[in-house]
Amino acid sequence: MGILTNLRDYFGVPETEQRAARTDILPPSRTDSSSPSVQMAEALSLAMVYRAINILASAKQMSLHVYKDEEKMPSPAFIRQPDVSISRSAFIEQTIVALATNGNAYWRITRDAQGRVQNLKCLNPLDMIIVTDTEGNIQGFNYGDKRYRPDEIQHLMLMRVPGSVYGLGAIQAAQRELRGALDTRDYSSKWFSNSGVPNGVLKSDQILSPDQAQAAKEAWNASAGAKNGVAILGNGLNYTPVYLSPADAQFLEVQNFNVTQVARLFGVPSSLMLAPVEGTSLTYQNVEQDWIGFVRFSLAPSYLVEIEDAFSMLLPGRNQVKFNIDSLLRSDTLTRYQAHKIAIEAGFMTAAEVRNLEDLPNIGSTPNV
C-alpha cells in the first residue's frame, strides 16, 4: 500500500483514476465462469486460429474423382463444379471453413425435373436452424425466412454427439482455451497504454508535498527528457526508467503456448503453424512425417471423408467420390517418380495406374514413367 501511495503522490494520480486505468488490463478471474462465449468472427481474429483453418482449407487444391467398384468413372457436372457461380476449389474451401468454425456445413441442393442434382450451394451455418420433432427426428431446415425439406439440404458434421442434431466444432468445444488466448492477446496489446504502469519514476531525496509532486510531474512531461532529449532536474530529483523487455511486454512465452494449444485443437502440426516447439529438432524427415500424420489423422477423417460421403450420397448406385489424397501425401517429384518406377518394375502397378495417381490423362500403355 505504501508503494502505491508513493507512486500516486509522485505522479499526482488520484486513487480512483489509477484504479480505473488498471481495470482495463487486469487478467480475468480464474474462477469466473461467466466469460462471454467466443464467436466465429472473434476466434478468427486470432492469427493462430486463422492460420490453422487456412491450412485445413488447403484441401481445396486436391482433385475429386468418381469411382464405381474401384474403377474411375466420368464425373457428373456437379462434381466438377458443385456451385456454378464459383470454382470447385472455392466450394470445397467454403465447406471446410464452415466445418472448422461451426462444426456444421449445409449444402442447398437444386435438382432437375428427373431428380438429378444440378447445383449445390454452401450456406452460412450461422443462419441455419434445424427443426426436429419431439423424438429428435429432423423435419426440416430453416434458413432465413425459408423452410427447406430434409432432401433439399445436405448436412455435413464435424463431430457427431449422441442426442444432438448439430455437429460440434473446435471453436464450440474449446471455449475456455480460446477465451484465454484472446485475453492474453488483448492484455499484452493494452499493456503500454492502459496498464497504469509508468514509463519511469521521478525520485527525490527530499520530502515533496502533493503540489510539488504534481509540478515535478508536469515539468518532466513538458521537458525535452520526455521527448528523448536532455532532461534538467532539480530539487534532488532523479529519473529511473521502468524497463520491460519486448518478449515480456508481448508475453511471447504464453502466446507461443497458445499457438501450440490451437494447433492441437485443430489437429495441425506446429511446424505448419510456423510455431517453435521446445525440445524438438525439426528435420526434413520428421516434418514430412508430421504432415503425413496431419493428412491421415486430422484432415482426412474429419473433413475429407465427410465431404466424400456427402458427394457420394448424391450419386446413383454404388458410385463413390474420393479425393486424390496422394497430392498432399507425396513429397518431391524425384522421390515420387522413383517409387512409381519401383512399383511398375515389381509388377504390382501399371503405367496406366501410375498416370491415374498423378492425375494425368490415360493415353494407354507407356513404357516408362
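A brief look at the structure comes next. (Residues numbered from 1 in each chain as written. Predicted model: local features only at pLDDT ≥ 70, side-chain atom pairs only at ≥ 80, totals over all residues. Heavy atoms only, no water.)

### A look at unusual backbone geometry
- One non-glycine residue, Asp69, lies in the positive phi region at around 55°.
- Its identity as a non-glycine residue notwithstanding, Glu70 has a phi of 70°, on the positive side.
- Along the chain, Glu70 falls in the loop between β1 (64–68) and β2 (71–73).
- A relative accessible area of 62% means that Glu70 is categorised as exposed. (Helix = DSSP H or I, 4+ residues; strand = E, 2+ residues; numbered from the N terminus. Buried < 20%, exposed > 50% of the residue type's maximum accessible area, 1.4 Å probe, protein only.)

### With respect to the packing of aromatic side chains
- Scanning the model with the defined rule gives 4 aromatic pairs in all.
- Between Phe91 and Phe311 the ring centres are 6.3 Å apart and the planes differ by 45°, which places this aromatic pair in the tilted class. Of this pair, Phe91 sits in helix α6 (residues 88–102) while Phe311 is found in helix α13 (residues 284–313), placing the two residues 220 residues apart along the sequence.
- Looking at Phe311, the relative accessible area reads 0%, which means it is buried.
- Ring geometry for Tyr106 and Phe141: centres 6.1 Å apart, planes at 70°, overall edge-to-face. Placement of the pair is Tyr106 in strand β3 (residues 104–111) and Phe141 in strand β6 (residues 138–143), with a sequence separation of 35 residues.
- Residue Tyr106 is classed as buried on the basis of its relative accessible area, which comes to 0%.
- Take Phe141: its relative accessible area is 2%, and that puts it in the buried class.
- The ring centre of Tyr67 lies 5.8 Å from the NZ or CZ of Lys322, which sits over that ring. (Phe/Tyr/Trp six-rings, centres within 6.5 Å; stacked < 30°, edge-to-face > 60°. Lys NZ or Arg CZ within 6 Å of the ring centre and 35° of its normal.)

Functional significance is not addressed by these values, which are geometric in nature.
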